[in-house]
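The primary structure of each chain is shown beneath.
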Amino acid sequence: RTWLPPQPNPPMIGHALRHAAAACFLLPLLLTLLLTSPEQLSAINDTDRAAVALFNYIGDASFALTGALAAGEEGMDLMGCLVVGFVTALGGGTFRDIVLGRTPVFWLTAWDEAALAPMVSGLAFFCWPAVARRLRLTTEDEWLFWTDTVGLGAFA
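The structure contained in this document is the topic of the report that follows. (Residues numbered from 1 in each chain as written. Predicted model: local features only at pLDDT ≥ 70, side-chain atom pairs only at ≥ 80, totals over all residues. Heavy atoms only, no water.)

## Let's talk about the state of the cysteines
Cysteine pairs can be covalently joined through their sulfur atoms, and such a bond is termed a disulfide.
Turning to step 1, where the next piece is worked out: Applying the stated rule across the entire model yields zero disulfides.
Turning to step 2, where the next piece is worked out: For C127, which is in no disulfide, the shortest distance to another cysteine sulfur is to C81 and amounts to 12 Å. (Disulfide = S-S within 2.5 Å.)

This is the structure:
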């Protein structure tokens, strides 16, 4: 075994750069909280409701796509893709509502989200083979990772 001299510490530029970037993202939030009155912060307007609905649709569609692609990868038929896509898209909110005692669960009253998941899953079932061939995509690529990432980002 040979002796190696101690290595110098790596430069901390990357670490400092990450902290600076995080501060840049945090600064607008802090300024908003500091410069806005409590009445304005607690008020929810139509734009806020529309933004929440839009991100719910994006998240539901993304998770339905992820579930349908994963089910198709396992060789399931149309019904399997629809069920897995629906459960993947709406299962988390259903679990939340059941744990919190909210009945009926949200998708029984907000049918738009309950309709979006099977539509996206069905489109994925029928269109994915042609799109995958055309764009040379596979489910082994990062495709499933990015659809999950979009869903998580939309719900965060």
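## Remarks on the nonpolar core
Turning to step 1, where the next piece is worked out: If you look at the biggest cluster of nonpolar residues, it comprises 11 residues: A61, F63, A64, F86, A89, L90, F106, A114, L116, A117 and V120.
Turning to step 2, where the next piece is worked out: Secondary structure elements with two or more residues in this core: helix 3 (46-73), helix 4 (78-100) and helix 6 (111-135).
Turning to step 3, where the next piece is worked out: Ranked by residues supplied to this core, first place goes to helix 6 with four residues.
Turning to step 4, where the next piece is worked out: In this view, L90 contacts D60, F106, W107, E113, A114 and A117; residues no more than four positions away in its chain are not counted. (Core = buried A, V, L, I, M, F, W, Y, C linked by side-chain atoms within 4.5 Å. Buried < 20%, exposed > 50% of the residue type's maximum accessible area, 1.4 Å probe, protein only. Helix = DSSP H or I, 4+ residues; strand = E, 2+ residues; numbered from the N terminus. Contact = heavy atoms within 4.5 Å.)

## Observations regarding the environment of G80
Turning to step 1, where the next piece is worked out: Looking at the element boundaries, G80 is found in helix 4.
Turning to step 2, where the next piece is worked out: Taking relative accessible area as the criterion, G80 reaches 14% and is therefore assigned buried.
Turning to step 3, where the next piece is worked out: C-alpha separation for the pair G80 and G151, spaced 71 residues apart in sequence, amounts to 21 Å.

## Side note on the packing of helix 3 against helix 6
Turning to step 1, where the next piece is worked out: The contact between helix 3 and helix 6 brings their axes to 8 Å, and the two run at 40 degrees. One way to sum up the angle between helix 3 and helix 6 is to call them oblique. For the element pair helix 3 and helix 6, the recorded crossing hand is right-handed. Within the contact between the two elements, helix 3 uses N56, Y57, D60, A61, A64, L65, A68 and L69 and helix 6 uses D112, E113, L116, A117, V120, S121, A124 and W128.
Turning to step 2, where the next piece is worked out: Looking at the contact of helix 3 with helix 6, its residues break down into 11 nonpolar, two polar and three charged. (Axes fitted to C-alpha atoms, helices over the stretch in contact; angles between N-to-C directions. Parallel < 35°, antiparallel > 145°, perpendicular 65-115°, else oblique. Left-handed = near helix turned anticlockwise from the far one by under 90°. Nonpolar A, V, L, I, M, F, W, Y, C, P; charged D, E, K, R; others polar.)

## Examining a negative patch on the surface
Turning to step 1, where the next piece is worked out: A cluster of acidic side chains, namely E73, E74, E140, D141 and E142, defines a negative patch on the protein surface.
Turning to step 2, where the next piece is worked out: Within the secondary structure, E74 sits in the loop between helix 3 and helix 4.
Turning to step 3, where the next piece is worked out: Given the relative accessible area of 65%, E74 is considered exposed. (Patch = residues over 30% accessible without salt bridge, like charges linked within 9 Å, V, L, I, M, F, W, Y side chains within 5 Å. Areas by Shrake-Rupley, 256 points an atom, 1.4 Å probe, with all protein chains shown as cover. Salt bridge = Lys/Arg side-chain N within 4 Å of Asp/Glu carboxyl O. Lys, Arg positive; Asp, Glu negative; His and termini not counted. Charge placed at Lys NZ, Arg CZ, Asp CG, Glu CD.)

## Observations regarding the packing of helix 3 against helix 7 (residues 143-155)
Two numbers describe a pair of packed helices, the interaxial angle and the distance between the axes.
Turning to step 1, where the next piece is worked out: The N-to-C vectors of helix 3 and helix 7 enclose an angle of 155 degrees; their axes lie 8 Å apart at closest approach. The angle between helix 3 and helix 7 places the two elements in the roughly antiparallel class. Handedness of the helix 3/helix 7 crossing: left-handed. Contact with helix 3, carried on its side by F55, N56, I58, G59, D60, S62, F63, L65, T66, L69 and A70, involves W143, L144, T147, D148, V150, G151, L152, A154 and F155 of helix 7 and no other residues of that element.
Turning to step 2, where the next piece is worked out: By residue class, the composition of the contact of helix 3 with helix 7 is 12 nonpolar, six polar and two charged.

## Some remarks on the pattern of salt bridges
Turning to step 1, where the next piece is worked out: For the structure shown, the criterion picks out three salt bridges.
Turning to step 2, where the next piece is worked out: Salt-bridge contacts for R96 lead to D97; the nearest nitrogen and oxygen are separated by 3.1 Å.
Turning to step 3, where the next piece is worked out: By relative accessible area, which is 3% here, D97 ends up buried.
Turning to step 4, where the next piece is worked out: Between R102 and D97 there is a salt bridge, with the nearest N and O atoms lying 3.5 Å from each other.

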